[in-house]
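As a plain string of letters, each chain reads:
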Amino acid sequence: MDLLALVEWIGEAPTAALLGILTGVIFGVSAQRSRFCLRAATVQFARGQMGDKVAVWFLTFSTAVVWVQGAQLLGLFNAAEGRQMAVPGSWSGAIIGGLVFGVGMVLARGCSGRLLVLAATGNLRSVVSGLIFAVVAQMSLSGILSDTRNDLAALWTTSGGRNLDLLATLGLPDWGGFAVGVVFAVLALVLSWKNRISATRLVFGAGVGFAVAVGWVATFTLSQMAFDPVTVESVTFSGPSAHTLMFFLDRNEALSFSVGLVPGVVIGSMVSAMLAGEFKFEGFADESNMRRSMTGAVLMGFGAMLAGGCAIGAGVTGGSVFAGTAWLALFCMWIGAMITDVLVDQRAGARAAA
């Protein structure tokens, strides 16, 4: 694709939105077919299993790291200009927000990205939870919860006006990030082999990570030729969910990569589910399930904005550029999710079996 010709034809903002749609479609198809979900992986891990969901998560994460770091080695992308790296990070936000998000995704039975994919395949529970997530994310970004978020984020921040570059801090060479990705990829393939994951699922699991690289490279390329400043970003669902919601509510909201990303995921997931014969309408099982999912969505909306991203935005996208607070947020998401599974779901299962 001749990106410059596209910019000259339709303009910078529509081009950014189209790139968001393209990235979203790749992510949506891949996530729907691979069943990628951080919540499912953490629950499986908390129960002492290194099963298929853990394997798919490691495959996605490693693929994102390999593709993104590989693109940087080839000069197609500069992580230093990425959104997570170019601004100060919040250690306190990563810790508190990550823990809160982890609790929320277990209660909601899906991380924000998974909820969006499920909503596109007819899951009405995910539609409701996803809308609540978007509203709370917007409230945390610029609404009634923004002051609380800012106060918590300001408790402990990175120095130097930028996020912490883990690769530079550890003194690793330029190819160090790529090597780390390869190590994770080997672990993912070993786990995949032990769990007898099909080649098709492996390809689509890797496709989720590839979508992250596509987003980074696409927005970076556009930023190098655009007249107006362009945010170098990739797949995340906290900010984009809020921006997409406001785009349909406020005529003054401009087109951007974020605004195109969410519809792209919906399109990709829906088409994939229909082609696979997996599109079907589902609702809440009962009132308690509805309360639980809605509570989880609220926690995820606030937690994601405080942590600097959701399970995808911080956990994979931010992790792929080795942003220090992103790795900490991801770790805290795992901890929060595992503790919640032990205290809520596993205890409930034990009581039911007694």
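Everything in this summary refers to the structure shown in the same document. (Residues numbered from 1 in each chain as written. Predicted model: local features only at pLDDT ≥ 70, side-chain atom pairs only at ≥ 80, totals over all residues. Heavy atoms only, no water.)

1. Concerning helix α6 (residues 91-107)
Turn by turn, an α-helix covers 3.6 residues, leaving residues three or four places apart pointing in a common direction. Over its 17 residues, α6 extends 24 Å from the first C-alpha to the last, a length consistent with the 24 Å expected when each residue adds 1.5 Å. Most of α6 sits out of view: 12 of its 17 residues are buried. Of the positions making up α6, those classed as buried are Trp-91, Ser-92, Gly-93, Ala-94, Gly-97, Gly-98, Phe-101, Gly-102, Gly-104, Met-105, Val-106 and Leu-107. Of the residues trailing α6, Arg-109 is marked for its positive phi of about 60°. (Helix = DSSP H or I, 4+ residues; strand = E, 2+ residues; numbered from the N terminus. Expected span 1.5 Å × (residues − 1). Buried < 20%, exposed > 50% of the residue type's maximum accessible area, 1.4 Å probe, protein only.)

2. Quick look at the pattern of salt bridges
Close approach of charged atoms lets side chains of opposite charge pair. According to the stated counting rule, one finds six salt bridges in the structure shown. Across the salt bridge formed by Asp-52 and Arg-201, the nearest N and O atoms sit 2.7 Å from each other. Of this pair, Asp-52 sits in helix α4 (residues 52-73) while Arg-201 sits in helix α12 (residues 199-225), and the two are 149 residues apart along the sequence. Arg-201 sits in the buried class, given a relative accessible area of 16%. With a closest N to O distance of 2.7 Å, Arg-292 and Asp-345 form a salt bridge. Here the residue Arg-292 occupies a position in helix α15 (residues 287-307), and Asp-345 occupies one in helix α17 (residues 324-353), the gap between them amounting to 53 residues. In terms of burial, Arg-292 and Asp-345 fall into one category: buried. Connected via shared salt-bridge partners are Asp-52, Lys-53 and Arg-201. (Salt bridge = Lys/Arg side-chain N within 4 Å of Asp/Glu carboxyl O.)

Coordinates in, geometry out; function isn't part of it.
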